[in-house]
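The primary structure of each chain is shown beneath.
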Amino acid sequence: MRAIIVKTPGGPDALEVSDVPVPVAGPGQVRIAVAAAAVNPVDAVTRSGVLADAGLMPPFGSRPAVGIGWDVAGTVDAVGTGVPRFAAGDEVIGLKDRLDVPLGAYAEAVVLDADAVAPAPRSVAPAEASTIPLNGLTALQALDLLDLPPGGTLLVTGAAGAVGGYAVELAAHRGLHVVAAASASDEALVRGLGAEMFVPRGVHLGDAVRSLVPGGVDGALDAALLSVTALDAVRNAGAFVAVSGGPATPLPLRGITVHNVWIRADAAQLAHLTTLVDRGHLTPRVADTLPLTKAVKAHERLEAGALRGRLVLLP
């Protein structure tokens, strides 16, 4: 079967189309015939070697090749022992949350632990469904870390992006009052997702948010990695969550509780997201679809930026 792998880290051209053996589902696992695989920023930083250099995965060369891709939508075609929840023919979504693997979701088939897989939404096509796992779980788990009660106020930076857009919808569904920060051209989009208040990019974020919410918001979900700039908009003793580590995580100034969200696969949470999609509370967005063999082009477009929604590879 065909899969996209990386042997030597580098730019988009480091992605190779390779013929590899079809993986086998072991105990507690399912094999998924891939219908769609979303392209995410973490795929690019894995490919480039940044994560290996940061010690978040072993260095390249510790295995012959590294697989790329976290998000998958497709059909179960093999089930390992000890997996009563799934059968061949089930349409599913799943998340490959391990970095150091020989095969990722950019492939014609992928094997995942059953607890990283859930039924796919019935209301959207596989391309749309494939955008849910990584970005939806990141937004959901970030909101769980903030733990704001209904009626609380939340700033979402990067609100028009994949994680930010899901965060706006999920927060609004929880009864939070959302302040969305994004490009001025995206105001209508984020308000349509459920944001009650809007702050355009380019203004002083803390001052602008505090003019809307005196004293500052109860919490901030920093999908744009603005760090202390977003922290300034949070009230004393509030809560803050960054969607990545390193310099994007500010110090806990003014008694603010600061978190990182380290994404994990979770079948129950994936099933919850599926339900929200089918009930119209969560909106998958696809920027474009490309054949699996055009992974290099997809990464070039990803790095060029200005996308709304995710690029999706179709085997």
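All residue numbers refer to position in the chain's written sequence, counted from 1. Reporting in this predicted model follows two pLDDT cut-offs: at least 70 for local features of residues, and 80 or more for side-chain atom pairs to be given and counted; totals over whole chains, interfaces and linings ignore these cut-offs and use all residues. Side-chain calculation: all heavy atoms of the structure are included, whereas hydrogens and water are not.

Explain the sheet that holds strand 1 (residues 2-6) to me, please; I cannot follow it from the model alone.
Hydrogen bonds between backbone groups are what pair the strands of a sheet, and the pairing can be parallel or antiparallel. The rule for pairing is simple: two strands pair if DSSP sees at least two bridges between them. Comment: elements are numbered from the N terminus, with helices defined as DSSP H or I runs of at least four residues and strands as E runs of at least two. Strands sit in the order 2-1-4 across an open sheet of three strands; the sheet is antiparallel. A strand with exactly one partner marks an edge of an open sheet, and here the two such strands are strand 2 (15-19) and strand 4 (66-67). Bridge count between strand 1 and strand 2: five bridges; the pairing is antiparallel. Bridging from a neighbouring strand, Ile4 pairs with Val17 of strand 2.

So what exactly am I meant to see when it comes to the packing of helix 1 (residues 41-48) against helix 10 (residues 295-304) here?
A pair of packed helices can be characterised by two numbers: the angle between their axes and the separation between those axes. Remark: helix 1 packs on helix 10, axes separated minimally by 10 Å, with the N-to-C direction vectors making an angle of 110 degrees. Classified by the angle their axes make, helix 1 and helix 10 are roughly perpendicular. Of the residues in helix 10, those in contact with Pro41, Asp43, Ala44 and Arg47 of helix 1 are His299, Leu302 and Glu303. To get an axis, fit a line to the C-alpha atoms, keeping to the stretch in contact for a helix; angles then go from 0 to 180 degrees between the N-to-C directions. Any angle from 65 to 115 degrees is called roughly perpendicular, while one under 35 is roughly parallel, one over 145 is roughly antiparallel, and all others are oblique. Whether two residues are in contact is decided by their heavy atoms, any of which lying within 4.5 Å being enough.

Looking at this structure, I do not really get the sheet that holds strand 9 (residues 153-157). What am I missing?
The sheet built from six strands is open, its strands ordered 11-10-9-12-13-14 with parallel pairing. Each edge of the open sheet is held by one strand with a lone partner, namely strand 11 (197-200) and strand 14 (257-260). Adjacent strand axes in the sheet meet at a mean angle of 15 degrees when their direction is disregarded. Sheet topology places strand 13 (residues 234-242) next to strand 14; four bridges connect them, and they run parallel. What sits directly across from Ala242, in strand 14, is Asn260. Contacting strand 9, strand 10 (177-182) and strand 12 (217-222), helix 5 (residues 162-173) crosses the sheet at an angle of about 165 degrees to strand 9.

Explanation requested: the pairing of strand 11 in the structure shown.
As a general feature of sheets, a regular strand has side chains that alternate between the two faces. Two elements, strand 10 and strand 11, share four bridges in a ladder whose sense is parallel. Bridged to Ala180 within strand 11 is Phe198. Assessed by its sense of winding, the connection that carries the chain from strand 10 through helix 6 (residues 187-193) to strand 11 is right-handed. If the strands point away from the viewer and the path from the first strand over the helix to the second runs clockwise, then the crossover is right-handed.

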